[in-house]
Amino acid sequence: DVKVTQSSRYLVKRTGEKVFLECVQDMDHENMFWYRQDPGLGLRLIYFSYDVKMKEKGDIPEGYSVSREKKERFSLILESASTNQTSMYLCASTRLSPGTQYFGPGTRLLVL
Amino acid sequence: AQTVTQSQPEMSVQEAETVTLSCTYDTSESDYYLFWYKQPPSRQMILVIRQEAYKQQNATENRFSVNFQKAAKSFSLKISDSQLGDAAMYFCAYTAGGGSEKLVFGKGMKLTVNP
């Protein structure tokens, strides 16, 4: 079975802190994604990566950056956390050909 | 831009009954892929079913089936013999493929199953 893991299930940070969310997949998938999920808004794409060191902005990249140094790992970085970044963050991965996205369990981030 | 619309934010169904979740989408592509994902409370999002637009036959996975109407850009999910474990948020999603596999999601619908 495909496994996508995220470094934390729950995280509490202070405004202005630098926050790292990590995602690891074990199926050699080329594409990886970071979404944020908010009630009534569904999932919105923050960034995605289709190869090591390659990244593209999604629909809401402001305030976020990403890093993909290894194929299996995709990190989301909040350079200076703000309260409006309190949300559920979901990581996903998939192969190149049109395929199913496999999701991690999510990180619920609270920024105080 | 592609959009996915789930017009009903919440639905409920009695156990063992059938329920249909609606989804419409907008695209100018002729070839694309549609998905229904399920997110149980405090659990991981998982794929329920997928449909390739070039296939005329509606996809089926056990108790889950879709009604794909390409001309109407409609993609509804039918759950037969509803079970308590079907209670979840359901998201309809679209991708045009083409290598990046970006998914566009609807806002989701909360399904409650009553015993």
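This text follows the structure it describes.
The structure presented is a predicted model; accordingly, all values stated were derived computationally and were not measured. (Residues numbered from 1 in each chain as written. Chains lettered and ligands numbered in written order. Predicted model: local features only at pLDDT ≥ 70, side-chain atom pairs only at ≥ 80, totals over all residues. Heavy atoms only, no water.)

Student: I'm lost on the overall build of chain A in this one. Help?
Tutor: Along the backbone of chain A there are zero helices and 11 strands. The order of helices and strands in chain A, counted from the N terminus, is β-β-β-β-β-β-β-β-β-β-β. Against the globule reference of 13 Å for 112 residues, chain A gives a C-alpha radius of gyration of 13 Å, in line with a compact fold. Overall, the C-alpha framework of chain A stretches about 40 × 25 × 25 Å when taken along its three principal axes. Within chain A, the proportion of its 112 residues that are buried is 49%. Here chain A displays about 5,400 Å² of accessible surface, and carbon together with sulfur accounts for 51% of that area. (Helix = DSSP H or I, 4+ residues; strand = E, 2+ residues; numbered from the N terminus. Rg over C-alpha atoms; globule rule 2.2 N^0.38 Å. Buried < 20%, exposed > 50% of the residue type's maximum accessible area, 1.4 Å probe, protein only. Areas by Shrake-Rupley, 256 points an atom, 1.4 Å probe, with all protein chains shown as cover.)

Student: Sorry if this is basic, but what is going on with the interface of chain B and chain A here?
Tutor: Frequently, the measure chosen for interface size is the accessible area removed from exposure when the parts meet. With 19 residues of chain B at the interface, the matching set in chain A holds 24 residues. Both faces combined, the contact of chain B with chain A buries some 1,800 Å², and carbon together with sulfur accounts for 55% of it. The interface formed by chain B and chain A holds zero salt bridges in total. Only strand 5 (33-39) and strand 6 (46-52) of chain B provide two or more residues apiece to the side of chain B that touches chain A. Per-element tally for the side of chain B that touches chain A: the top contributor is strand 5 of chain B, with four residues. Considering only residue class, the side of chain B that touches chain A consists of eight nonpolar, seven polar and four charged. (Contact = heavy atoms within 4.5 Å. Buried area = accessible area lost by both parts, 1.4 Å probe. Salt bridge = Lys/Arg side-chain N within 4 Å of Asp/Glu carboxyl O. Nonpolar A, V, L, I, M, F, W, Y, C, P; charged D, E, K, R; others polar.)

Student: Please explain the pairing of strand 2 (residues 10-14) of chain B as it appears in this structure.
Tutor: Within a regular beta strand, the side chains point alternately toward one face of the sheet and then the other, so they alternate between its two faces. All names here are of chain B. Covered by surrounding structure in strand 2 are M11 and V13 only, the residues E10, S12 and Q14 on the alternate face being uncovered. Pairing of strand 2 with strand 12 (residues 109-114), which is carried by five bridges, proceeds in the parallel orientation. In the strand pairing of strand 12, M11 is matched with L111. (Pairing = 2+ DSSP bridges.)

Student: Please explain the sheet that holds strand 1 (residues 4-6) of chain A as it appears in this structure.
Tutor: Strand-to-strand pairing in sheets goes through backbone hydrogen bonds, with the strands running parallel or antiparallel. All names here are of chain A. With antiparallel pairing, the four strands of this open sheet are ordered in space as 1-3-8-7. Looking along the sheet, the strands with just one partner apiece sit at the ends: strand 1 and strand 7 (64-70). Strand-to-strand, the axes of this sheet are offset by a mean angle of 20°, without reference to chain direction. Judged from the three bridges that link them, strand 1 and strand 3 (residues 19-25) form a sheet pairing that is antiparallel. Of the residues in strand 3, the one forming a bridge with V4 is Q25. (Axes fitted to C-alpha atoms, helices over the stretch in contact; angles between N-to-C directions.)

Student: I would appreciate a short explanation of a nonpolar patch on the surface in the present structure.
Tutor: All names here are of chain A. Together, V12, L110 and L112 line one region of the surface with nonpolar side chains, adding up to about 260 Å² of accessible area. Among the secondary structure elements, V12 is positioned in strand 2 (residues 10-13). Relative accessible area serves as the criterion here: at 53%, V12 is assigned to the exposed category. (Patch = residues over 30% accessible without salt bridge, like charges linked within 9 Å, V, L, I, M, F, W, Y side chains within 5 Å.)

Student: What should I look at first to understand the nonpolar core in this one?
Tutor: One broad rule of soluble globular proteins: the nonpolar side chains tend to lie buried together. Within the largest apolar cluster, 27 residues are counted, with the highest numbers of intra-cluster contacts made by W36, L77, Y90 and L111 of chain B. Of all the secondary-structure elements, those providing two or more residues to this core are strand 2, strand 3 (19-21), strand 5, strand 6, strand 8 (64-69), strand 9 (74-79), strand 10 (88-95) and strand 12 of chain B. The element that contributes the greatest number of residues to this core is strand 10 of chain B, accounting for four residues. When near neighbours in sequence (up to four residues on either side) are disregarded, L111 of chain B contacts M11, S12, V13, V19, I79, D86, A87, A88 and Y90 of chain B. With 20 residues, the next largest nonpolar core counts L21, I46, F74 and L78 of chain A among its residues. (Core = buried A, V, L, I, M, F, W, Y, C linked by side-chain atoms within 4.5 Å.)

Student: Is there a simple way to think about the environment of S7 of chain A in this case?
Tutor: Residue and element names in this part refer to chain A. Position of S7 relative to the elements: it lies in the loop between strand 1 and strand 2. Given a relative accessible area of 45%, S7 falls into the partly exposed group. In this structure, the C-alpha to C-alpha distance between S7 and K71, residues 64 residues apart in sequence, is 16 Å. Other than its neighbours up to four places away in sequence, S7 contacts L21 and E22.

Student: Hey, could you run me through the side chain of R63 of chain B in this one?
Tutor: All names here are of chain B. Tracing the sequence through the fold places R63 in the loop between strand 7 (60-61) and strand 8. Within the local environment of R63, its side chain forms a polar contact with the side chain of D86, the two groups lying 2.8 Å apart. Setting aside anything within four residues of it in sequence, one finds R63 in contact with K78, I79, S80, D81, S82, Q83 and D86. (Polar contact = N/O pair within 3.5 Å; in protein donor to acceptor, adjacent residues only side chain to side chain.)

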